[in-house]
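# Examining the three-dimensional arrangement
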Amino acid sequence: MFVCICERVRECEVRSVIRAGARCEDSVGEACGAGTGCGSCIDRIYDLIDEENADTLVAIAA
């Protein structure tokens, strides 16, 4: 599924750059281009950052 239609960036790509260290929408945009067009995907990028960070915290706690 595409997260960013303007730059044709898929959810798996966004999750990958977040796992690689992107911690805000600007760093996600620099890494893969998502969120650098019209901006309508920014909320979804925030959600993915939150989801990936929550998964990381759960993994660390386990």
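Quick note: structure is the one above.
Below or above, wherever it landed, is the structure these notes cover. Since we're looking at a predicted model, the values are computed, not measured. (Residues numbered from 1 in each chain as written. Predicted model: local features only at pLDDT ≥ 70, side-chain atom pairs only at ≥ 80, totals over all residues. Heavy atoms only, no water.)

### Side note on the environment of Gly35
Locating Gly35 in the fold gives a position in the loop between helix H2 (25-32) and helix H3 (42-61). Taking the C-alpha atoms as reference points, Gly35 and Val3, 32 residues apart in sequence, are found 8.7 Å from one another. With residues near it in sequence (within four places) discarded, Gly35 still touches Cys4, Cys41, Ile42 and Ile45. (Helix = DSSP H or I, 4+ residues; strand = E, 2+ residues; numbered from the N terminus. Contact = heavy atoms within 4.5 Å.)

### A short note on the side chain of Glu52
Within the secondary structure layout, Glu52 lies in helix H3. Discounting chain neighbours no more than four positions away, the residues touching Glu52 are Arg15, Ile18 and Arg19.

### Side note on helix H1 (residues 11-19)
Where H1 is concerned, the buried positions are Glu11, Val14, Arg15, Val17 and Ile18. Along the axis of H1, the buried positions cluster into a sector of 165°, meaning they face one direction only. Turned more than 90 degrees from where H1 packs its buried face, Cys12 and Arg19 sit exposed. After H1 finishes, the residue Gly21 shows a positive phi value of roughly 130°. (Buried < 20%, exposed > 50% of the residue type's maximum accessible area, 1.4 Å probe, protein only. Arc of directions from axis to C-beta.)

### Examining the pattern of salt bridges
Under the defined criterion, the tally for this structure stands at six salt bridges. Between Glu11 and Arg44 there is a salt bridge, with the nearest N and O atoms lying 3.3 Å from each other. Here the residue Glu11 occupies a position in helix H1, and Arg44 occupies one in helix H3, the gap between them amounting to 33 residues. What makes Glu11 buried here is its relative accessible area of 17%. By relative accessible area, which is 27% here, Arg44 ends up partly exposed. With a closest N to O distance of 2.5 Å, Arg15 and Glu52 form a salt bridge. Taken together, the residues span a long stretch of sequence, with Arg15 in helix H1 and Glu52 in helix H3 at a distance of 37 residues. With respect to burial, Arg15 and Glu52 carry one shared label: buried. What you see here is one network of salt bridges that share partners, running through Glu11, Arg15, Arg19, Arg44, Glu51 and Glu52. (Salt bridge = Lys/Arg side-chain N within 4 Å of Asp/Glu carboxyl O.)

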